[in-house]
Amino acid sequence: MALIEVGRVCRKVAGREAGRLCVVVRLIDNNFAEVTGPRELTGVRRRRVNVKHLVPLPVKLEIPEGAEDRVVLEALKETDLYSKLLQEKEKREKARVSK
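Summary of the structure given here. If you're wondering where the values come from, they're calculated on a predicted model, not measured in any experiment.

## Some thoughts on the overall build of the protein
If you tally the helices and strands in the protein, you get three helices and five strands. Going residue by residue from the N terminus, the α and β elements of the protein occur as β-β-β-α-β-β-α-α. Principal-axis analysis of the C-alpha atoms gives the protein an extent of 40 × 30 × 20 Å. Buried residues in the protein amount to 37% of all 99 residues. Within the protein, counting contacts between residues at least 6 apart in sequence, those at least 24 apart form 48% of the total. For the protein, the computed accessible surface area is about 6,200 Å², with 49% contributed by carbon and sulfur atoms. When the 22 positive and 15 negative side-chain charges of the protein are each reduced to one mean point, those points stand 8 Å apart.

Here it is as structure tokens:
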């Protein structure tokens, strides 16, 4: 089992989106992967990231390689993680409004 694989839910540990959860949608090479949040749920936009900046979680979604954000969102809705992501989204929105 590869640690970083398509469909693996990860936490970003570096960059402006550090601490947020994302999903690997494509492996580019041994050092880089393409991830998405999707943005409307976690705030992580689709981008290329260094795999050293990702911490894999034990959750893996059954999605095709290069899946669109809506497909990733539907797969996330079928997991227990979805309610936690909604709570984090509400916290971020409240913090942004109070600034």
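From this point, the discussion proceeds with the structure in view.
## A word on the pattern of salt bridges
On inspection of all chains with the given rule, the structure shows nine salt bridges. Residues E17 and R47 are paired through a salt bridge, measuring 3.5 Å at the closest nitrogen-oxygen approach. One end of the pair, E17, is in the loop between β1 (8-12) and β2 (21-27); the other, R47, is in strand β4 (residues 47-50), with 30 residues separating them in the sequence. According to the relative accessible area criterion, E17 is buried, its value standing at 5%. For R47, a relative accessible area of 21% translates into the label partly exposed. The shortest N-O distance in the salt bridge between K77 and E74 comes to 3.6 Å. Taken together, the residues span about one helical turn, with K77 and E74 both in helix α2 (residues 69-77) at a distance of three residues. Overall, the relative accessible area of 41% leaves K77 in the partly exposed class. Here E74 falls in the partly exposed class, since its relative accessible area comes to 46%. Three or more residues are tied together by salt bridges with common partners; here these are R26, E34, R46 and D69.

## With respect to the side chain of R8
Topologically, R8 is positioned in strand β1. Overall, the relative accessible area of 6% leaves R8 in the buried class. Of the polar contacts made by the side chain of R8, one reaches the side chain of E5; its length is 2.4 Å.

The rules behind the values
Residues numbered from 1 in each chain as written. Predicted model: local features only at pLDDT ≥ 70, side-chain atom pairs only at ≥ 80, totals over all residues. Heavy atoms only, no water. Helix = DSSP H or I, 4+ residues; strand = E, 2+ residues; numbered from the N terminus. Buried < 20%, exposed > 50% of the residue type's maximum accessible area, 1.4 Å probe, protein only. Contact = heavy atoms within 4.5 Å. Areas by Shrake-Rupley, 256 points an atom, 1.4 Å probe, with all protein chains shown as cover. Lys, Arg positive; Asp, Glu negative; His and termini not counted. Charge placed at Lys NZ, Arg CZ, Asp CG, Glu CD. Salt bridge = Lys/Arg side-chain N within 4 Å of Asp/Glu carboxyl O. Polar contact = N/O pair within 3.5 Å; in protein donor to acceptor, adjacent residues only side chain to side chain.

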